[in-house]
Amino acid sequence: MIIRKETKSDYENVREVIQSAFSKRLKPGDKFNEWGVVHAVRNSDSYINELSLVAEINGRIVGHIMFTPLTINDGINTFDSLALGPVSVKKDFQNQGVGTRLVNEGILAAKKLGYQSIIVLGDYKYYSRFGFGPASKWHIGLDGDFNCKYLSALELVENGLKGISGNIRYCPEFYNEKGELI
Ligand SMILES: CC(C)(COP(=O)(O)OP(=O)(O)OC[C@H]1O[C@@H](n2cnc3c(N)ncnc32)[C@H](O)[C@@H]1OP(=O)(O)O)[C@@H](O)C(=O)NCCC(=O)NCCS
């Protein structure tokens, strides 16, 4: 399995991966879906190509992960962090370690780029294996909910989240016209 940065020529294959993983019919321009977000990010200042990775097996794209800039605001200060997701593995390749490789390689790449922490919204059971802890530990929350069981955080350097708390804010592409998280 090769993990590498995505290129424009991967976009169509990545769309298939996301569609397969999330079992939805998605096409470019669709709103309120994972593919729509990924594609919107690519055309924005929030795009980090070094942190938009694909997993390739025998020349086939079977997985994808994207990290985007995220901020944490405590009402006075705004701190920079990184959002993990979406991460997608093609249905027939799930539970074979592809997601694990994508997350681990993404974490390594984020460290190399100098990021201090990563936030993820998802199943704690899955992300805890990578060292994520409950975001509530740092009083980091979503829309004022500081006990959100789906929100986890990872320090990439020692004390990477020391003194950092508040509400998370994804990059603009993650919100619909009403300001709701897609
Ligand atoms: C979640 C996902 C990325 C994991 O990738 P994967 O390649 O299937 O996972 P891995 O093979 O690396 O790891 C398998 C382990 O993860 C667990 N797992 C898989 N999907 C999970 C999920 N949604 N929630 C919790 N645990 C999950 C499996 O039970 C397995 O556990 P085990 O090691 O204890 O047996 C993939 O299943 C997927 O694309 N799911 C649909 C899309 C999605 O929900 N994405 C995450 C939210 S953005």
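Residues numbered from 1 in each chain as written. Predicted model: local features only at pLDDT ≥ 70, side-chain atom pairs only at ≥ 80, totals over all residues. Heavy atoms only, no water.

Novice: Is there a simple way to explain the pattern of salt bridges in this structure?
Specialist: Pairing is possible between side chains of opposite charge, provided their charged atoms come close. Evaluated as defined, the whole model comprises six salt bridges. A salt bridge links Glu6 to Arg42; the shortest N-O distance between them is 2.8 Å. Taken as a pair, Glu6 in the loop between β1 (2-5) and α1 (11-22) and Arg42 in helix α2 (residues 34-42) lie far apart in primary sequence, 36 residues in all. Residue Glu6 is classed as buried on the basis of its relative accessible area, which comes to 2%. (Salt bridge = Lys/Arg side-chain N within 4 Å of Asp/Glu carboxyl O. Helix = DSSP H or I, 4+ residues; strand = E, 2+ residues; numbered from the N terminus. Buried < 20%, exposed > 50% of the residue type's maximum accessible area, 1.4 Å probe, protein only.)

Novice: What's the story with the side chain of Ser88 in this structure? I'm lost.
Specialist: Tracing the backbone shows Ser88 in strand β4 (residues 78-89). Look at Ser88 and you get buried, because its relative accessible area is 1%.

Novice: Please clarify how the nonpolar core should be interpreted in this entry.
Specialist: Considering soluble globular proteins, one finds that nonpolar side chains tend to be buried as a cluster. Counting residues in hydrophobic clusters, the biggest one holds 29 residues, and the most contacted among them are Ile72, Ile119, Ile140, Leu151 and Ile168. Ignoring sequence-local partners within four residues, the contact set of Ile140 consists of Ile72, Ile119, Ala135, Phe146, Leu151, Leu161, Ile164, Ser165, Gly166 and Ile168. Core analysis: the next-biggest nonpolar cluster, separate from the first, contains 26 residues, Leu82, Val89, Ala109 and Val120 among them. (Core = buried A, V, L, I, M, F, W, Y, C linked by side-chain atoms within 4.5 Å. Contact = heavy atoms within 4.5 Å.)

Novice: Would you mind going over the packing of aromatic side chains with me for this structure?
Specialist: Aromatic ring pairs are reported here in terms of the distance separating the ring centres and the angle at which the planes meet. A complete count under the given rule lists four aromatic pairs for this structure. Centre to centre, the rings of Tyr126 and Tyr127 are 5.2 Å apart; their planes meet at 80 degrees, and the pair counts as edge-to-face. When the centroid spacing of 4.7 Å and the interplanar angle of 25 degrees are considered together, the rings of Tyr170 and Phe174 count as stacked. A single burial state applies to Tyr170 and to Phe174, both of which are buried. A network of ring pairs unites the aromatic residues Tyr126, Tyr127, Phe130 and Phe132 as a single cluster. Here Arg42 stacks its cationic end above the ring of Tyr11, 3.7 Å away from the centre of that ring. (Phe/Tyr/Trp six-rings, centres within 6.5 Å; stacked < 30°, edge-to-face > 60°. Lys NZ or Arg CZ within 6 Å of the ring centre and 35° of its normal.)

Novice: In this structure, what is going on with the layout of surface pockets? I would like to understand it.
Specialist: To find the voids left in a structure, one rolls a probe of water-molecule size over its atoms. One number sums up the size of the largest pocket: a volume of about 750 Å³. Every residue lining the largest pocket is counted, 29 residues in all, and those nearest its centre are Phe22, Pro86, Val87, Ser88 and Tyr127. Elements with a contribution of two residues or more to the lining of the largest pocket: α1, α2, β4, α3 (98-112), β5 (117-121) and α4 (124-127). Per-element tally for the lining of the largest pocket: the top contributor is β4, with six residues. Each residue belonging to the lining of the largest pocket can be placed in one class, and the counts come to 17 nonpolar, nine polar and three charged. (1 Å grid on protein atoms, 1.4 Å probe; cavity = no way out; pocket = protein on both sides within 12 Å on 5 of 7 lines; lining within 4 Å. Points joined across faces, edges and corners; volume = space filled by probe spheres on them. Nonpolar A, V, L, I, M, F, W, Y, C, P; charged D, E, K, R; others polar.)

Novice: Which parts of the structure should I look at to understand α1?
Specialist: Counting along an α-helix, one turn takes 3.6 residues, and residues three or four places apart therefore face a common direction. For α1, spanning twelve residues, the distance from its first C-alpha to its last is 16 Å, which sits close to the expected 16 Å at 1.5 Å a residue. Taken together, the buried positions of α1 are occupied by Tyr11, Val14, Arg15, Val17, Ile18, Gln19, Ser20 and Ala21. Close packing links the buried residues of α1 with α2, β2 (52-57), β3 (60-73) and β4. Immediately beyond the C-terminal end of α1, within one or two residues, lies Ser23, with a positive phi of roughly 50 degrees. (Expected span 1.5 Å × (residues − 1).)

Novice: Please explain the site of the ligand as it appears in this structure.
Specialist: Around the ligand, a shell composed of 17 residues is seen, among which Val89, Asn95, Gly97, Gly99 and Thr100 lie nearest. At 3.5 Å, a side-chain N or O of Gln94 approaches an oxygen atom of the ligand. Gln96 places a main-chain nitrogen or oxygen 3.1 Å from an oxygen atom of the ligand. For the ligand, whose unbound accessible area comes to 860 Å², protein coverage reaches 64%. Assessed atom by atom at 2 Å from the grid points, the ligand resides in the largest pocket. (Near = heavy atom within 4 Å. Polar contact = N/O pair within 3.5 Å; in protein donor to acceptor, adjacent residues only side chain to side chain. Areas by Shrake-Rupley, 256 points an atom, 1.4 Å probe, with all protein chains shown as cover. Sits in = over half its atoms within 2 Å of the grid points.)

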